[in-house]
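Spelled out, the chains give:
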Amino acid sequence: MARVYNFSAGPSMLPLEVLETAQKELIEFQDSGMSVMEMSHRSPVYDAIIKETEANFRKLMNIPDNYKVLFLQGGASTQFAAVPLNLMKTGKADYVVSGQFSGKAFKEAKKYGDAKCIATSEDKTFSYIPEITPDMVREDADYVHVCYNNTIFGTKFPEVPNVGDKVLVADMSSCITSEPVDVTKFGVIYAGAQKNMAPAGLTVVIIREDLMGNAREDIPTMLDYKTMADNDSMYNTPPCYAIYIAGLVYKWALENGGLEAMKERNEKKANILYDFLDNSTLFKPTAEKNSRSMMNVCFVTGDADLDKKFCKEASEAGFVNLKGHRSVGGMRASIYNAMPIEGVEALARFMAEFEKNNK
Ligand SMILES: *Cc1c(COP(=O)(O)O)cnc(C)c1O
C-alpha cells in the first residue's frame, strides 16, 4: 500500500485512523450483523450513530443549545438557495463577494429577492478579503452572507466580520473544524462536508433556532430548515454513511486535542509553506498576507509551463492534486486537518529542490 500526500481541495484526505476504523467496521458494524451502509436510518443502531455524531460535533464546535445541527444533502451549493428561501423575510440580503463560491451564492440569492453585493475583492482577482463595517450593511437587510474561507483563491476572513446586529451567514465549507469559532456570532453556518469532515454527500448546517420558521410559503420541503429540524434531519433518508464517517472524524479531532489543537497544527503547517513561499525566488504566494487561508495555500511561478512541470514532477514524487482550480491555474496545496505536518514538510523540501533545479 502506498498512500500519497493528497493536497486535493475536496473531496480530500481523511485521517488514516478514521479509514482504518471504517475498514474494520465495514462489513459488520458492532454486533448489528450488517454494514452501516445497509441499515435502516430509523433503526436503533443507526439512531445511536447519528446522535453520537451530533453530540461530538457540538462538543468539538462548542455549539450552544439554542442552535440546531442539521445533516443534509445537496452540497454547499444547495445552501446558496436554501439560505435566501429560509431567511429572506423582507426580501433583502447583503452579500460579500470574495471569491467564486460567494459569487455563486450571491447570484442564486438574486433569484429570490433583492440581494446586494456590499463588498467585493474582484478588482484584484479575489486575492484579499474586503473590509466590512456595519455601516455598509443595509438597515433592512435580513442577513449578511460571507464565504469564510475562499477555497479557490486561498483567502480567509482574518476575523469574524462586524455586521452590527445583523444576522451573519457563513459558508465554512473549507475551514469548518480547522480552528475554534464563536458560533454565537453567526446566525447560520453551513458547510459541504467533503473538505474537512467526511466523504462527499453530506452538508452540515448550524442554525440559531429563532431563525427558523420564516421560510417562504413556496419553499421546497427539502430546503426548509424547520422541516429538517423538526424531523431531526430524518424527514427523508439522510446521507447515512457520510454521517457515520463524519462521526468518526469528530471523534478523531476530539481525541487529538479538539479545535485548539487543530488550529495549532494547521497554523504550523500553513506557516511552513508561507515561510517558504515568502523567501522563494521561484514561487510566489497569490493571497495578500493578512487574508491568507490556513487551509488552501495558493501559489504560482508566473510561468504556466513551469507550473505544469511542477505539478507533474510533484505528482510523480507522491504529492498529488496540487494543480490550482481550473478557473485560476497555478498551484494550490489544500492542507486540511487530516494532512499530517510531515506531508507539508516534505512538500516544502520538494519545492526547494524544484527551485534549485529550475533556476
Ligand atoms: C467546495 C465548496 C462549495 C461547493 O460545495 P458543494 O458541496 O460541491 O456544493 C461551496 N463553498 C465553498 C467555500 C467550498 O469550498
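Look a little higher up for the structure.
Keep in mind the model is a prediction, meaning the values are calculated, not measured.

Calculation rules
- Residues numbered from 1 in each chain as written.
- Predicted model: local features only at pLDDT ≥ 70, side-chain atom pairs only at ≥ 80, totals over all residues.
- Heavy atoms only, no water.
- Phe/Tyr/Trp six-rings, centres within 6.5 Å; stacked < 30°, edge-to-face > 60°.
- Helix = DSSP H or I, 4+ residues; strand = E, 2+ residues; numbered from the N terminus.
- Buried < 20%, exposed > 50% of the residue type's maximum accessible area, 1.4 Å probe, protein only.
- Core = buried A, V, L, I, M, F, W, Y, C linked by side-chain atoms within 4.5 Å.
- Domains from an automatic or database assignment.
- Contact = heavy atoms within 4.5 Å.
- Patch = residues over 30% accessible without salt bridge, like charges linked within 9 Å, V, L, I, M, F, W, Y side chains within 5 Å.
- Areas by Shrake-Rupley, 256 points an atom, 1.4 Å probe, with all protein chains shown as cover.
- Salt bridge = Lys/Arg side-chain N within 4 Å of Asp/Glu carboxyl O.
- Lys, Arg positive; Asp, Glu negative; His and termini not counted.
- Charge placed at Lys NZ, Arg CZ, Asp CG, Glu CD.
- Near = heavy atom within 4 Å.
- Polar contact = N/O pair within 3.5 Å; in protein donor to acceptor, adjacent residues only side chain to side chain.
- Nonpolar A, V, L, I, M, F, W, Y, C, P; charged D, E, K, R; others polar.
- Pairing = 2+ DSSP bridges.

Section: the packing of aromatic side chains
Okay, so step 1: Evaluation of the coordinates by the stated rule reveals 19 aromatic pairs.
Okay, so step 2: For the ring pair Tyr241 and Tyr244, a centre distance of 5.2 Å and an interplane angle of 50 degrees mean the geometry is tilted. Placement of both Tyr241 and Tyr244 in helix α6 (residues 240–255) is noted, with a separation of three residues, approximately one turn of the helix.
Okay, so step 3: Geometrically, the ring pair formed by Phe276 and Phe283 is tilted, given 6.2 Å between the ring centres and 50 degrees between the ring planes.
Okay, so step 4: Among the residues examined, Phe283 registers a relative accessible area of 1% and is labelled buried.
Okay, so step 5: Taken together, the aromatic side chains of Tyr5, Phe7, Phe276, Phe283, Phe299, Phe310, Phe319, Phe350 and Phe354 make up a single cluster linked through ring pairs.

Re unusual backbone geometry
Okay, so step 1: Residue Pro11 follows Gly10 across a cis peptide bond; omega there is -10 degrees.
Okay, so step 2: Mapping Pro11 onto the fold places it in the loop between β1 (5–6) and α1 (16–25).
Okay, so step 3: The backbone phi angle of Thr177 is positive, close to 65 degrees, even though this residue is not glycine.
Okay, so step 4: Inspection of the secondary structure puts Thr177 in the loop between β8 (168–171) and β9 (188–192).

Let's talk about the nonpolar core
Okay, so step 1: Counting residues in hydrophobic clusters, the biggest one holds 91 residues, and the most contacted among them are Phe57, Phe283 and Phe310.
Okay, so step 2: With 11 residues, α6 is the largest single contributor of residues to this core.
Okay, so step 3: Counting the residues that make up this core, at least three belong to each of domain 1 (16–255) and domain 2 (259–357).
Okay, so step 4: Ignoring any residue separated from it by four or fewer positions in sequence, one finds Phe310 in contact with Phe283, Phe299, Leu322, Met331, Leu347, Phe350, Met351 and Phe354.
Okay, so step 5: One finds Ala109, Ile207, Met212 and Tyr225 within the second-largest nonpolar core, a separate group that totals 34 residues.

Quick look at a positive patch on the surface
Okay, so step 1: Taken together, the side chains of Lys104, Lys107, Lys110 and Arg326 define a basic patch exposed on the protein surface.
Okay, so step 2: Tracing the sequence through the fold places Arg326 in the loop between β13 (319–320) and β14 (331–334).

Some words on the site of the ligand
Okay, so step 1: Taken together, 13 residues form the shell around the ligand, and within it Ser77, Thr151, Asp171, Gln194 and Lys195 come nearest.
Okay, so step 2: Here an oxygen atom of the ligand sits 2.9 Å away from a polar atom, N or O, in the side chain of Gln194.
Okay, so step 3: One of the side-chain nitrogen or oxygen atoms of Lys195 is found 2.5 Å away from an oxygen atom of the ligand.
Okay, so step 4: Coverage of the ligand by the protein chains reaches 86% of its 390 Å² of free accessible surface.
Okay, so step 5: Element by element, the count of residues in the shell around the ligand is highest for helix α3 (residues 75–87), at four residues.
Okay, so step 6: Across the shell around the ligand, the residue classes tally to four nonpolar, seven polar and two charged.

Considerations on a nonpolar patch on the surface
Okay, so step 1: On the surface, Leu26, Ile27 and Met37 cluster together into a nonpolar patch covering about 320 Å² of accessible area.
Okay, so step 2: With respect to the element layout, Leu26 can be found in the loop between α1 and α2 (44–61).
Okay, so step 3: By relative accessible area, Leu26 is classed as partly exposed at 34%.

Considering the environment of Cys240
Okay, so step 1: Take Cys240: it is sitting in helix α6.
Okay, so step 2: For the pair formed by Cys240 and Ile272, sequence separation is 32 residues and the distance between their alpha carbons is 37 Å.
Okay, so step 3: Apart from residues lying up to four places away in sequence, Cys240 is in contact with Val36, His41 and Tyr46.

Describing the sheet that holds β14
Okay, so step 1: Within the open sheet, the three strands sit side by side as β11-β12-β14. Their pairing is antiparallel. The two strands at the open ends of the sheet, each matched to only one other strand, are β11 (284–285) and β14.
Okay, so step 2: As paired strands, strand β12 (residues 296–300) and β14 are joined by four bridges and run antiparallel to one another. Residue pairing across strands places Val297 opposite Ala333, the latter belonging to β14.

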